Amino acid sequence: MSNIVNAMYNIRQFDELARRDSLIHRMHPLAKLLATLVYTVLLVSYDKYATIALLPFVFFPVYVAAAAKIPLEPLLKRLLYIEPMIVGIGLLNPLFDHGTVVVLGYAISSGWLIFLSIFLKGTLAVTSALLLIATTGMDGVALSLRKLMVPKIFVLQMMLTYRYISVLLEEAARTVQAYDLRAFSSQRLKREVWGPLLGQILIRTMDRAQRIYDAMCLRGFSGEYCIGKAARPGWKDIIYVMTWGVLSAAFRGINLPLWLGNLLTGAGK
Amino acid sequence: MSHHITEGKDLFYAYPDGHQAVNGISFRIHHGESVGIIGANGAGKSTLLMLLTGILMPANGEVIIGEVRLNKDNMAMIRQRLGMVFQNPDDQLFMTTVHDDVAFGPRNLKIDEPQVEQRVVSALEQVGILHLKDRAPFHLSAGEKRAAAIASVLSLMPDILILDEPTSSLDPKSRRRLMKILGGFEHTKIITSHDLDMVLDICQRVIVMKDGQAIADGPAKGVLTNKVLMEEAGLEMPLSLQGCPVCGGEKT
Amino acid sequence: MHMADALISPAVGATMWAATAGAAAYSIKKVQSKLDDKKIPLMGVMGAFIFAAQMINFSIPGTGSSGHLGGGLILAILLGPYAGFLAMASILIIQALFFADGGLLALGCNIFNLGFFTCFVAYPLVYKNMIGKEFFAKRIIIASMVTAIIGLQLGAFGVVLETLFSGKTELPFSSFVLLMQPIHLAIGIVEGLVTAAAVSFVWKARPEIMEKAALNQALGALPIKKVMIGLAAIAVFTGAVLSWFASSHPDGLEWSMFKTSGKEELEASGNIHQKLAAIQGETAFLPDYGFKAAGKIEPTEEQTEKWPAVNGGTSLSGLVGGMMTLLLAAFMGFIINVKNKVKKRSE
Ligand SMILES: Nc1ncnc2c1ncn2[C@@H]1O[C@H](COP(=O)(O)OP(=O)(O)OP(=O)(O)O)[C@@H](O)[C@H]1O
Ligand SMILES: [Mg+2]
């Protein structure tokens, strides 16, 4: 039950964030998608021991979150859900990596660097992906997919899934709740009810699909999905992608923290 | 404008499982008439509406819309003149924003985008929810959903408006608003409902269904006050026509 | 398990994206050619159904734990492999965006691992053959179990290989396999049981749904060979382009995976374990080089990038620089925030 409620809340929250207004929100969806993709590719291209070197990649999510006025709470909450898996895989590394590094005079397993690297990459990639949806919304994503020549049929189908997720989550919640009320038991479903419970929702779902299809046909649907013409990317959008593309590439190319550190400590001369 | 006639001639329909849901119905509805179709649960009202819109094809008999017999070939054409609002607005609002949903029909007609926009705005204004234009259906209340569903067929500018239980799950205020919206249309209206007070308010004519057949067809007031007939159909008279339980007097 | 951006290299991500896009394009063509518009809303709503069903906890008999539905198999059974694959792709896209499950670059891997293996390998090769022409309650259970297990084992192995080829971790192949496969055996059993329960219920309550689904699929048997060859071609092509790019840009992005895997194919030493151990050695080669010998080697750009050198001074300045970078980022965020507030007030 709590899973269902959480999922519902999460989707609504991000949907609502995406309907706000800001400099970033007004940017063309395709520009935001491309900027995020370039950023992610460059981020994950760092080698497995990169830790401090990739810190400049913090700038992009901080900029987007601040400029789009996205609150930190929903982002952090999602990160807390996701992080355990990344951390789990990361923590195995110190066990298997037998190299050592010396940090400030202490010798530690270089596996810890891998752990830290995975953690940083995971956090940054997840945050920037969440920021993409929080500033673009599903409609924007659909629009950029269309611009990328993804067939309409797929886009329509995906949007229908998105549209009906909340309806079906509510239906699942009601059904599970009805079971809980009568079973007086735990939140988990016993084996005997798996079939009836899921099967009933499934049958209702298929009947619903039929009614939706009827409703679509009554309004002239003939397999062709007509979406309105979307605005083209303007020069602002191009500048946005270029700026973050070049910045990310520059951060990737020069080790900014090391350079800064050398400057401050006078080392490396 | 008698050319927008909606006619059912001796209609029969049985579901694949053999259940005879519509069992020989005939009627003729003129342009501008508003007709209520009432009957107990399972009487066959929704099935009848599906026959009228070509979602189901009658096993026997024919549907005639504006002098043309509905068949598979002219279905797309005829459907442009029909607007059907489904019982459950969630089945009808399948796009991700109210705007896109209202634009869905006009866009399928391949109308130019500026004109589509015009139609969307005017349809939303008619039902009074222009401010909800960019909202997602799951952010709407039941009454707002219903209004959006109606707007989504109004944007097609239909000659005939068909509504399946439009007032179900609405609170009294939303219901009254909806009745006001419906009262404002000069279209032909065909409405099924269990809300007999609403039917009395909006419809001049009522068809009573029982077991897939029409057991009465006549002026709303006459039919709805016929206690024997209503009981036979498994219905009760509208509250506004029932005697006052406190003073015991008969309202007229 | 979802593949994550943090574990992946650009080359592996791009290759799997290409393979996934290929499979999706082919599926769309197939779905479209059948000209059944009715399927579009069905696919959409079924996707939403799976999404919701994934949130339900099923208690596993005899254990204290609970499991979830993945959904790939149900989709394949009820929609057929092509539409099922597309529906699964939509679900994973939405999850990657709204729930950050996996990430954008790893999305190709995830769609492939969770959609392709079930819809295009396990379902046509195992399920269809086991179920035969007629449904029997028992057959449905066994066929679903076996199919789900095989599909998920393949998917889990996909995760292992993708992680290994990406070279972002130090996990030895054998340990990772030993970790992943048994977990996914358990997940597969739950998946099979839940799928069978739901499908059997639908079959009893509304047999025409199942008959229709079966009929729909009979129209187009799956040319597995064709699909496989096509995908292999796409993967090889992408790999070739990327490794060409890598070799002409030696200090550009890190594409080590393709260098090693290219060598792999030349050494025809049958034992896969040994082969992968060799890759393991290759990827582990860099750190040794970087850390143990750093003192002797001139700090080229490559070297400075692998920041943690033995030199204590460098590590100090690295730490200081890192702190500075974070402070700068925080400062930038702060300034933008203040500017936003000022703007709001002046409005
Ligand atoms: N898809 C179906 N398959 C089989 N029987 C059906 C189906 N849909 C409806 N029926 C049956 O047909 C009969 C008429 O159903 P219909 O939905 O038309 O009734 P209704 O008058 O609209 O009822 P309500 O007031 O409850 O909406 C009912 O007995 C119902 O059980
Ligand atoms: Mg009905």
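Residues numbered from 1 in each chain as written. Chains lettered and ligands numbered in written order. Predicted model: local features only at pLDDT ≥ 70, side-chain atom pairs only at ≥ 80, totals over all residues. Heavy atoms only, no water.

**Concerning the interface of chain A and chain C**
Across the contact, 112 residues belong to chain A and 104 residues belong to chain C. Together chain A and chain C conceal approximately 9700 Å² of surface at their shared face, both sides included; 78% is due to carbon and sulfur atoms. Residues Lys48(A) and Glu170(C) are paired through a salt bridge, measuring 2.5 Å at the closest nitrogen-oxygen approach. Applying the counting rule to chain A against chain C returns 11 residue pairs in polar contact (both at pLDDT 80 or more). Here the side of chain A that touches chain C gets 20 residues from one element, more than from any other, and that element is helix 9 (residues 191-218) of chain A. (Contact = heavy atoms within 4.5 Å. Buried area = accessible area lost by both parts, 1.4 Å probe. Salt bridge = Lys/Arg side-chain N within 4 Å of Asp/Glu carboxyl O. Polar contact = N/O pair within 3.5 Å; in protein donor to acceptor, adjacent residues only side chain to side chain. Helix = DSSP H or I, 4+ residues; strand = E, 2+ residues; numbered from the N terminus.)

**Considerations on the interface of chain A and chain B**
At the interface, 30 residues of chain A touch 31 residues of chain B. Note on chain A versus chain B: buried area summed over both sides is about 2700 Å², and carbon and sulfur give 58% of it. A per-residue breakdown of the area chain A buries against chain B is headed by Arg163(A), Leu218(A) and Arg219(A), which together make up 33% of the total. Connecting chain A to chain B are four salt bridges.

**Looking at the domain arrangement of chain B**
Residues and elements named next belong to chain B. As assigned here, chain B comprises domain 1 (1-81 + 160-174 + 182-252) and domain 2 (86-157). Taken over C-alpha atoms, the centre of domain 1 sits 24 Å from the centre of domain 2. Both sides together, the interface formed by domain 1 and domain 2 hides about 1000 Å², and carbon and sulfur atoms give 63% of it. Looking at the side of domain 1 facing domain 2, the largest losses of area belong to Gln80, Asp164 and Phe185, adding up to 37% of the total buried there. Per-element accounting of the side of domain 1 that touches domain 2 gives the leading share, three residues, to strand 7 (residues 160-164). (Domains from an automatic or database assignment.)

**Some words on a nonpolar patch on the surface**
Nonpolar side chains collect at one region of the surface, where Leu91(A), Leu104(A), Tyr106(A), Ile108(A), Trp112(A), Leu316(C) and Leu319(C) lie side by side and expose about 650 Å² of accessible area between them. Breaking the nonpolar patch down by element, the ones donating at least two residues are strand 2 (106-109) of chain A together with helix 13 (312-346) of chain C. Looking at the element boundaries, Leu316(C) is found in helix 13. By relative accessible area, which is 40% here, Leu316(C) ends up partly exposed. (Patch = residues over 30% accessible without salt bridge, like charges linked within 9 Å, V, L, I, M, F, W, Y side chains within 5 Å. Areas by Shrake-Rupley, 256 points an atom, 1.4 Å probe, with all protein chains shown as cover. Buried < 20%, exposed > 50% of the residue type's maximum accessible area, 1.4 Å probe, protein only.)

**A look at empty space enclosed by the protein**
All names here are of chain A. Here the structure, examined in full by the defined rule, presents six cavities of 30 Å³ or more. Estimated volume of the largest cavity: approximately 100 Å³. Around the largest cavity, the lining residues are Asn6, Ala7, Tyr9, Asn10, Gln13, Pro74, Lys77, Arg78 and Tyr81. Those elements that place two or more of their residues in the lining of the largest cavity are helix 1 (2-18) and helix 5 (72-91). The leading source of residues in the lining of the largest cavity is helix 1, at five residues. The residue makeup of the lining of the largest cavity, split by class, is four nonpolar, three polar and two charged. (1 Å grid on protein atoms, 1.4 Å probe; cavity = no way out; pocket = protein on both sides within 12 Å on 5 of 7 lines; lining within 4 Å. Points joined across faces, edges and corners; volume = space filled by probe spheres on them. Nonpolar A, V, L, I, M, F, W, Y, C, P; charged D, E, K, R; others polar.)

**So, unusual backbone geometry**
In most cases, non-glycine residues show a negative phi, while peptide bonds are predominantly trans. Residues and elements named next belong to chain B. Positive phi values are uncommon outside glycine, yet lysine 110 reaches one of about 65 degrees. Of note, the phi angle at glutamate 165 is positive, near 50 degrees, even though the residue is not glycine. Here glutamate 165 shows up in the loop between strand 7 and helix 7 (172-183). According to the relative accessible area criterion, glutamate 165 is buried, its value standing at 10%.

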